[in-house]
Amino acid sequence: MEQLLRAELRTATLRAFGSPGAYSISEGRAYDTDAGPVFVKVNRKTQRGGEGAEPQYVNKFGFHKVTCCGFIPQVNEWQDDWPTFFVRHRLQAQLDLIEKDYADREARELWSRLQVKIPDLFCGLEIVPALLHGDLWSGNVAEDDVGPIIYDPASFYGHSE
């Protein structure tokens, strides 16, 4: 791992400091390098999809690759409007997990009635895609002598609110 980090960071100095962070999904470690301190977070589980995709203009909602929120892959196929992206790639994905894990018939019935009403909630609003972290919580933030550090993004372009 250290050889890979030296090559990727183009540094001769790579000295670990502090205590390694053990998170429920990933491992984190701080290093001194030729260019200053860096924080590296590693998840050894492989991820499929999205590789080699070209970034697109940000006048749409989504992202150029699949990201993960924890172990859950997040499909980010580009959509022209926020309600379509939100329903299809965030809410429907969660309902699919509920269906898979619990076979909750009532949730499925309620969702079929709710999902058609969601676009009305955004009617008349101008929503401009904003780059979002997507998995911002206390386990994905730290601080060093310079200031705050935010890492492990599940980035996508979405509604800024």
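The structure displayed is predicted, hence computed values, not measured ones. (Residues numbered from 1 in each chain as written. Predicted model: local features only at pLDDT ≥ 70, side-chain atom pairs only at ≥ 80, totals over all residues. Heavy atoms only, no water.)

### Some details on the overall build of the protein
Part 1 of the argument: When its secondary structure is counted, the protein shows four helices and nine strands.
Part 2 of the argument: Its helices and strands taken in sequence order, the protein reads α-β-β-β-β-β-α-α-α-β-β-β-β from the N to the C terminus.
Part 3 of the argument: Per-residue burial over the protein gives 29% buried out of 161 residues.
Part 4 of the argument: Partitioning the contacts of the protein with sequence separation of at least 6, the portion at a separation of at least 24 is 37%.
Part 5 of the argument: By element, 53% of the accessible surface of the protein is carried by carbon and sulfur atoms, the whole surface being about 11300 Å². (Helix = DSSP H or I, 4+ residues; strand = E, 2+ residues; numbered from the N terminus. Buried < 20%, exposed > 50% of the residue type's maximum accessible area, 1.4 Å probe, protein only. Contact = heavy atoms within 4.5 Å. Areas by Shrake-Rupley, 256 points an atom, 1.4 Å probe, with all protein chains shown as cover.)

### Let's talk about the packing of aromatic side chains
To describe a pair of aromatic rings, one takes the distance between the centres and the angle between the planes.
Part 1 of the argument: Inspection of the entire model under this criterion finds seven aromatic pairs.
Part 2 of the argument: One aromatic cluster is present, formed by Phe61, Trp82, Phe85, Phe86 and Phe156 through successive ring pairs.
Part 3 of the argument: Arg90 extends its terminal NZ or CZ atom over the ring of Phe156, reaching a point 4.3 Å from the ring centre. (Phe/Tyr/Trp six-rings, centres within 6.5 Å; stacked < 30°, edge-to-face > 60°. Lys NZ or Arg CZ within 6 Å of the ring centre and 35° of its normal.)

### Notes on the pairing of strand β2 (residues 27-33)
Part 1 of the argument: Looking at chain direction, β2 and strand β3 (residues 36-42) are connected through seven bridges and run antiparallel. Counted as the bridge partner of Gly28 is Lys41 from β3. (Pairing = 2+ DSSP bridges.)

### Focus on unusual backbone geometry
Part 1 of the argument: The phi dihedral of Arg10 is positive, around 50°, even though this residue is not glycine.
Part 2 of the argument: Counting through the fold element by element, Arg10 comes out in the loop between α1 (2-9) and β1 (14-22).
Part 3 of the argument: Looking at Arg10, the relative accessible area reads 75%, which means it is exposed.

### Here's the deal with the environment of Val42
Part 1 of the argument: When you line up the elements, Val42 lands in strand β3.
Part 2 of the argument: Separated by 41 residues in the primary sequence, Val42 and Met1 place their C-alpha atoms 10.0 Å from one another.

### Here we look at the side chain of His133
Part 1 of the argument: The residue His133 is located in the loop between β6 (130-132) and β7 (141-143) in this model.
Part 2 of the argument: Beyond its immediate sequence surroundings of up to four residues, His133 is in contact with Asn140, Ile150, Tyr151, Asp152, Pro153, Ala154 and Ser155.

### Re the side chain of Thr11
Part 1 of the argument: Following the sequence through the fold, Thr11 ends up in the loop between α1 and β1.
Part 2 of the argument: For Thr11, a relative accessible area of 8% corresponds to the buried category.
Part 3 of the argument: Of the polar contacts made by the side chain of Thr11, one reaches the backbone nitrogen of Asp34; its length is 2.9 Å.
Part 4 of the argument: Once residues lying within four places of it in the same chain are set aside, the contact partners of Thr11 are Arg6, Thr33 and Asp34. (Polar contact = N/O pair within 3.5 Å; in protein donor to acceptor, adjacent residues only side chain to side chain.)

### A word on the environment of Val38
Part 1 of the argument: Tracing the sequence through the fold places Val38 in strand β3.
Part 2 of the argument: Spatially, the C-alpha atom of Val38 lies 9.6 Å from that of Ala16, the residues being 22 residues apart in sequence.
Part 3 of the argument: Excluding residues within four positions of it along the chain, Val38 makes contact with Leu9, Arg29, Ala30, Tyr31 and Thr33.

### Structural notes on the confidence of the model for the protein
Part 1 of the argument: Averaged over every residue, the pLDDT of the protein is 84; the share at 70 or more is 86%.
Part 2 of the argument: Across the protein, helix α4 (residues 118-121) holds the top mean pLDDT of 96, while β1 sits lowest at 75. (pLDDT = per-residue confidence, 0-100.)

### Thoughts on a nonpolar patch on the surface
Part 1 of the argument: The grouping of Leu136, Val141 and Ile150 at the surface amounts to a nonpolar patch, some 280 Å² of accessible area in total.
Part 2 of the argument: Position of Val141 among the secondary structure elements: in strand β7.
Part 3 of the argument: The exposure class of Val141 is partly exposed, given its relative accessible area of 36%. (Patch = residues over 30% accessible without salt bridge, like charges linked within 9 Å, V, L, I, M, F, W, Y side chains within 5 Å. Salt bridge = Lys/Arg side-chain N within 4 Å of Asp/Glu carboxyl O.)

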